[in-house]
Number of protein chains: 2
Amino acid sequence: MARMNGNFLNLKENYLFIEISRRVGEFARQNPGSRLIRMGIGDVTLPLAPAVVEAGKKAFDEMGVKSTFRGYEDSGRGYDFLREAVSGYYKGFGADIPPDEIYISDGAKSDSGNIGDIFSADCAVTVTDPAYPVYVDSNVMGGRDITYASSDESNGFAAAPDLSVKTDVIYLCSPNNPTGSAYTFDQLKKWVDYAVMNKAVIVYDAAYEAFVTEKDKPRSIMLIEGARKCAVEICSLSKTAGFTGTRCGYAVIPKELVLSAPNGEEKPFYKLWERRQGSKFNGVSYPVQRAAEAVFSPAGLRQTREAVDYYLGNAGIMAKTLSELGVPFTGGTNSPYVWFKCPNNTDSWEFFDEALHKINVVGTPGAGFGKNGANWFRLTAFNTRENTLEAMKRLKELF
Amino acid sequence: MARMNGNFLNLKENYLFIEISRRVGEFARQNPGSRLIRMGIGDVTLPLAPAVVEAGKKAFDEMGVKSTFRGYEDSGRGYDFLREAVSGYYKGFGADIPPDEIYISDGAKSDSGNIGDIFSADCAVTVTDPAYPVYVDSNVMGGRDITYASSDESNGFAAAPDLSVKTDVIYLCSPNNPTGSAYTFDQLKKWVDYAVMNKAVIVYDAAYEAFVTEKDKPRSIMLIEGARKCAVEICSLSKTAGFTGTRCGYAVIPKELVLSAPNGEEKPFYKLWERRQGSKFNGVSYPVQRAAEAVFSPAGLRQTREAVDYYLGNAGIMAKTLSELGVPFTGGTNSPYVWFKCPNNTDSWEFFDEALHKINVVGTPGAGFGKNGANWFRLTAFNTRENTLEAMKRLKELF
């Protein structure tokens, strides 16, 4: 009799965006005239850059002609042209990643979820609280025990390692979703040192690296000494270049990184990952890879930068408003998110309802990301400038 | 200390296509003047249909305009337009699959590999021998015991269930890769009955369904009575519409299908799959989904049919030659593959070398797909008509 993976019974149902959608829908039905401003979901809104669109179309044209048609990609790890482009992008901010350490995928969610396949089920996992739910859920599915590193007001939502805790796998995200906080070089070095000491692996989610503006914040963990011995970096074009619906990401796996085998030997991490992907993945669509390549062309970099700067402009407006109000918050500088404390320590779902009903602004209750978010609230910078300004005007009235 | 999933140590290295490539490369270097005909790898060669190219380009244009831009797909299960198109395609050959039982993915390899996530590690798995290596490898990674159902000359390479064997999960592929044999309705009904009796799940790979030409062979397991209680169907546009490099597939999961939970309850299979995909997958690229939709338009169906018929024409030429030679074989009728017995029961790698060196034809040694392939050889119909005819002329000389 076919039996289910029993670990799935330990998953918490994730009602966050379903529940938001339900409450917003009900409100909209009851208040058809209201002008709702949606700053809840972390999805981009500006279109793909012209250079990216042209590259995607050109690739589809190639696919329609026998002499330029492409079938299976030999390796499934990404075409050389894209791996070289990503490698060049890393060079642009000082990280030296050879193309053969870059693995192209359909996005950071797939990589951060699937990477669990190569870890032993008895590895101890550390996740920050709050965090992107995928890190928790994929490890619950894999039957792993999870301990939480506290991100809270006392540390600026930048959890530090607890040297007394032994761990095997650590998930970090910087700039952080949902809190918008970004690690400094020094803070991240502490995690790298801790991982090296424990022979642990850091799965580092750099999906928001393009939003880093401050010089003391690294855009890649590979800029930290020692990271090549302990870290995998997962990144995505979703936020860098508006690829949330186009789907392309990449992982960086240094050749030095190893996992220990039951027989005491050490196995190269990249070989295990290649074996995993070789059996369960067949590479990213050729037109999508060409579109992704164009992100890193001079025109693509300039055009996608404009969109990131636009979002950062919105984030800056939100940060300025929260500063003026004297509300504790993180983000807004190196991130498209602001994460602020609900007034009077209100429960985040209560504040959600208040913001929805009183000022018609939709955000995300921090409780959806972990217990440390219980009284915090996330707003995104992905709306228009006009709506962002209007939402901040209304927020001032509410506070 | 981070430890690897020890099951990976039980994987057999898959040298098949690496070794073929090595031997062919060496031969080509030593014989620069030879006219090699490559009929080894099961990859399509004809370009995408014009309707498909246009749809992909149009979607990229939409992505470049704010009002038509698409970000995250809400469900990650595929846009309604594509699920409805696939549902309509099934109707065309008599299978009634509602759109909400269709799950769009980046291909059959991803689905057949990832589906293991939702089965218990102690499920017993049955795979045919020979078989597509992904079924074996993904289950070895998941730590499951595998028993083999023998596909061999005695049963026309159409393995039948062994009623004395208890099993939980069964992988079937029809029309089959590598043997080209296709189950009849009656043969497949026996598997369905066996699965229902054992409360087992059949993972049915229908990637080659578009090549079925004979009326007594089903194009979908969902045409068999009882299948909705025991089967998942995985399919792909790779062979149907030349999507090996464009990447799109789909799974059919009937609402009735359940897995048993540790507490004795029954859980709907589709809910477990949605939870898995919800945490580890973010949907298929929008332009690719639009390109896939166009496959099922009247023009797309007509244009992609031409390519399939062209390949079937080549397969027919190969089958005719093997018949004339009196060589035992399967495939060639409902499949782009022919699978034939090496002359004098030669070892398949020996025959590979003989074909390479004496007639400059590259095929695939059956040994790469399981022990029952030790003396069998696969040729594909994906080359040109001219080369296929020439290869058959040479094969006649060899035999």
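Residues numbered from 1 in each chain as written. Chains lettered and ligands numbered in written order. Predicted model: local features only at pLDDT ≥ 70, side-chain atom pairs only at ≥ 80, totals over all residues.

Chemist: Would you explain the overall build of chain A in this entry?
Modeler: Scanning chain A from N- to C-terminus turns up 12 helices and 15 strands. Computed over C-alpha atoms, the radius of gyration of chain A comes to 21 Å, within 12% of the 21 Å expected from 2.2 N^0.38 for 399 residues, which places it in the range of a compact globule. Projected onto the principal axes, the alpha-carbon positions of chain A cover approximately 60 × 55 × 55 Å. A burial count over chain A gives 58% of its 399 residues as buried. Contacts in chain A between residues far apart in sequence, at least 24 positions, make up 71% of those at least 6 positions apart. (Helix = DSSP H or I, 4+ residues; strand = E, 2+ residues; numbered from the N terminus. Rg over C-alpha atoms; globule rule 2.2 N^0.38 Å. Buried ≥ 20, exposed ≤ 12 C-beta atoms within 10 Å, placed from the backbone. Contact = placed C-beta atoms within 7 Å.)

Chemist: Please explain the sheet that holds strand E11 (residues 329–331) of chain A as it appears in this structure.
Modeler: Where strands meet in a sheet, backbone hydrogen bonds hold them as pairs that are either parallel or antiparallel. All names here are of chain A. The 4 strands lie next to each other as E11-E12-E15-E14, forming an open sheet whose pairing is antiparallel. The open sheet has two free edges, formed respectively by E11 and strand E14 (364–365), since each of these has just one partner strand. In the sheet, strand E12 (residues 337–341) pairs with strand E15 (residues 376–380) via 5 bridges, with the strands oriented antiparallel. Residue Trp339 lies in a different strand from E15, and its bridge partner there is Arg378. (Pairing = 2+ DSSP bridges.)

Chemist: What is the right way to look at the relation of the copies chain A and chain B in this model?
Modeler: In this arrangement, two copies of a chain are superimposed by a rotation about an axis accompanied by a shift along the axis. Between chain A and chain B, which share one sequence, the superposing operator has a rotation angle of 180 degrees and an axial displacement of 0.0 Å; the RMSD is 0.0 Å. What the rotation and shift describe, once combined, is the action of a two-fold rotation axis. For chain A, the residue whose C-alpha comes nearest the rotation axis is Lys57 of chain A, separated from it by 2.4 Å. In this assembly, 100% of the residues forming the interface of chain A have copies in chain B that are likewise at the interface, indicating an isologous arrangement. (Least-squares fit on C-alpha atoms with pLDDT ≥ 70 in both.)

Chemist: Before we go on, may I ask you to explain the interface of chain A and chain B in this structure?
Modeler: It is common to give the size of an interface as the accessible area that goes away when the parts come together. The interface of chain A with chain B comprises 71 residues on the first partner and 71 residues on the second. At the level of secondary structure, the elements contributing two or more residues to the side of chain A that touches chain B comprise helix H2 (50–63), helix H4 (108–114), helix H5 (133–141), strand E9 (258–260), helix H8 (269–280) and helix H9 (286–295) of chain A. Ranked by residues supplied to the side of chain A that touches chain B, first place goes to H2 of chain A with 7 residues.

Chemist: What exactly am I supposed to notice about the nonpolar core here?
Modeler: Among soluble globular proteins, nonpolar side chains are generally buried collectively. Residues Ile202 and Val232 of chain A together with Ile202 and Val232 of chain B are the most contacted members of the largest nonpolar core, which totals 248 residues. Not counting chain neighbours up to four residues away, the residues in contact with Val232 of chain B comprise Ile115, Val201, Val203, Tyr204, Ala251, Val252, Ile253, Leu257 and Phe269 of chain B. (Core = buried A, V, L, I, M, F, W, Y, C linked by C-beta atoms within 7 Å.)

Chemist: Can you walk me through the pairing of strand E5 (residues 169–173) of chain B in this structure?
Modeler: Every other side chain in a regular strand lies on the same face of the sheet, so the side chains alternate between the two faces. Residues and elements named next belong to chain B. Buried residues dominate E5, accounting for 5 of its 5 residues. Residues Val169, Tyr171 and Cys173 line one face of E5 and the alternating positions Ile170 and Leu172 line the opposite face, and both faces are buried. In this sheet, E5 lies alongside strand E3 (residues 125–129) in parallel orientation, the contact comprising 3 bridges. When the sheet's bridge partners are listed, Val127 is paired in E5 with Tyr171. Alignment of E5 against strand E6 (residues 201–205), held across 5 bridges, turns out to be parallel. Each residue of the ladder has a partner; that of Ile170, found in E6, is Ile202. Viewed along the sheet, the connection from E5 through helix H6 (residues 185–198) into E6 turns out right-handed. (Right-handed = clockwise from strand over helix to strand, strands pointing away.)

Chemist: I would appreciate a short explanation of the environment of Ala121 of chain A in the present structure.
Modeler: On the secondary structure map, Ala121 of chain A appears in the loop between H4 and strand E3 (125–129). Considering only alpha carbons, one finds Ala121 of chain A and Gly76 of chain A, 45 residues apart in sequence, at a separation of 26 Å.

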